[in-house]
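Coordinate inspection notes
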Amino acid sequence: MKRAARFKTGSVVFDKRRKTWNFLSWEDGKRRTRRIGTVSQYPTKTKARTAAKVFQEESLGSQSTIVGDSLTVKTLAEQYRVEKMPKRNDTRRAYEVWLKNHILPRWGNCPLIQLQARPVELWLESLALAPKSKAHVRGVLSILWDFAMWREHVTMQRNPIELVKVRGATKRTRQPRSLTVEEFQRFIQHLDEPFRTVALLCCCLGLRISECLGLKWADVDWLNGRLRVERGIVCQHVDDVKTAQSRRDLVIDGELLVALKAWKLTSQFAESDDWMFASPAQLGRLPWSYDQIWRVYQKAANKAGVGKLGTHSLRHTYRSWLDSVGTPVGVQQKLMRHSDIRTTMNVYGDAATAEMAQAHGKIVRLALLQS
């Protein structure tokens, strides 16, 4: 079996007389020998095997550019798409955005070896992007370097992109938006069904818009008042939920169940296997798209006078309201379905203005009493 494997893929041998590494293979029934390099160039057989990948790929009929200075970032990205690109549609789409819009236009035709810390850091500083976006671009570059080592295009070494620093990567240039109770009430008054029920579910349960659009009527346990979150809809593709913690049964309050039943009675698509928010334009085969929801939200937000409003703002609102009613942080983490409590504490929500003023007043009164 080992001999059969060597017959297919070739083998690396050392010529003691000439002090060279050679690649032996069979092509069209004939034995062929090709020189890899000298022992000074490749002191170990492992390094010689890595260099021989170019001959091995050729013998297997591959047309791609491999190994060393000749491996371009574009070729590496194409291989990564096939072999290691994340399967989740939302993650895959984000990676493609950074690749197509930034990485490949600048580095696509460059050899991988030129993708080093200093030129990458200077390039990132020149981009008109938020620090967090620059950090995402740096992350994809780091993944490409790891993939090149995994595929043995380059020898195992420290990833040079680890040395790239992005100033302010952990700081937000724009704080997430949360609505007050009054703002939310004005907002939903300008929403028709099913968009009003979508907003209620996202605000009362902290659902991501992809999770809300991915709901089916069969996910509701009407008797016990529970809702199963099992899937998401991203770019009209059925996808998995974001994390393992996101897949969870949620308790639905009785009043919210009444609102949900009212929508079910008026919906054209009310069977168990139907999408909860099925689109009539798609004849119920798919739910309303994210773009349609976003446009409706913007119109309603403008009419309500609450300014621009993203779909994720309602999830931030849910976290703020949990804080304002005194919910312990540990409980908030479970309700938000976060894997790490630091995400709940540092990323989502802020205390509502009225509650901040009330807390401030209590502290002032304590200080004045003591003085």
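Read on for an overview of the structure. Just so we're clear, the structure is a prediction, and the values are computed from it rather than from any experiment.

1. A short note on the pattern of salt bridges
- Evaluated as defined, the whole model comprises 13 salt bridges.
- The shortest N-O distance in the salt bridge between Glu83 and Arg151 comes to 2.7 Å. With Glu83 in helix 4 (residues 73-83) and Arg151 in the loop between helix 7 (131-150) and helix 8 (181-188), the pair connects residues that are 68 residues apart, well separated along the chain.
- Between Asp219 and Arg231 there is a salt bridge, with the nearest N and O atoms lying 2.7 Å from each other. Remark: Arg231 occurs in the loop between strand 5 (226-228) and strand 6 (232-234) and Asp219 occurs in the loop between helix 10 (209-213) and strand 4 (220-221); sequence separation between them is twelve residues. Here Asp219 matches Arg231 in class, with each residue buried.
- Because the salt bridges share partners, they merge into one network encompassing Asp219, Arg228, Glu230 and Arg231.

2. Observations concerning the packing of helix 8 against helix 9 (residues 195-205)
- Axis separation between helix 8 and helix 9 bottoms out at 10 Å; the angle between their running directions is 155 degrees. Looking at the two axes, helix 8 sits roughly antiparallel to helix 9. From helix 8, Phe184, Phe187 and Ile188 reach across to helix 9, where they touch Arg196, Ala199, Leu200 and Cys203.
- Here the contact of helix 8 with helix 9 is composed, by residue class, of six nonpolar, no polar and one charged.

3. Remarks on helix 13 (residues 313-324)
- In this model helix 13 runs 16 Å from its N-terminal to its C-terminal C-alpha over twelve residues, within 8% of the 16 Å that 1.5 Å per residue would give.
- Of all twelve residues in helix 13, nine are buried, a share of seventy percent or more.
- Buried within helix 13 we find Ser313, Leu314, Arg315, His316, Thr317, Tyr318, Arg319, Ser320 and Leu322.
- Gly326, located one to two residues past helix 13, shows a positive phi value of around 80 degrees.

4. So, unusual backbone geometry
- For the bond from Glu193 to Pro194, the omega torsion is 5 degrees, close enough to zero to count as cis.
- One can find Pro194 in the loop between helix 8 and helix 9.
- Even without glycine at this site, Cys235 takes up a positive phi of about 55 degrees.
- Turning to its location among the elements, Cys235 is positioned in the loop between strand 6 and strand 7 (237-239).
- One non-glycine residue, Leu283, lies in positive phi territory at about 55 degrees.
- With respect to the helices, strands and loops of the structure, Leu283 is situated in the loop between helix 11 (254-266) and helix 12 (290-304).
- A relative accessible area of 59% places Leu283 in the exposed class.

Rules behind the numbers
Residues numbered from 1 in each chain as written. Predicted model: local features only at pLDDT ≥ 70, side-chain atom pairs only at ≥ 80, totals over all residues. Heavy atoms only, no water. Salt bridge = Lys/Arg side-chain N within 4 Å of Asp/Glu carboxyl O. Helix = DSSP H or I, 4+ residues; strand = E, 2+ residues; numbered from the N terminus. Buried < 20%, exposed > 50% of the residue type's maximum accessible area, 1.4 Å probe, protein only. Axes fitted to C-alpha atoms, helices over the stretch in contact; angles between N-to-C directions. Parallel < 35°, antiparallel > 145°, perpendicular 65-115°, else oblique. Contact = heavy atoms within 4.5 Å. Nonpolar A, V, L, I, M, F, W, Y, C, P; charged D, E, K, R; others polar. Expected span 1.5 Å × (residues − 1).

None of this, on its own, says anything about what the molecule does.
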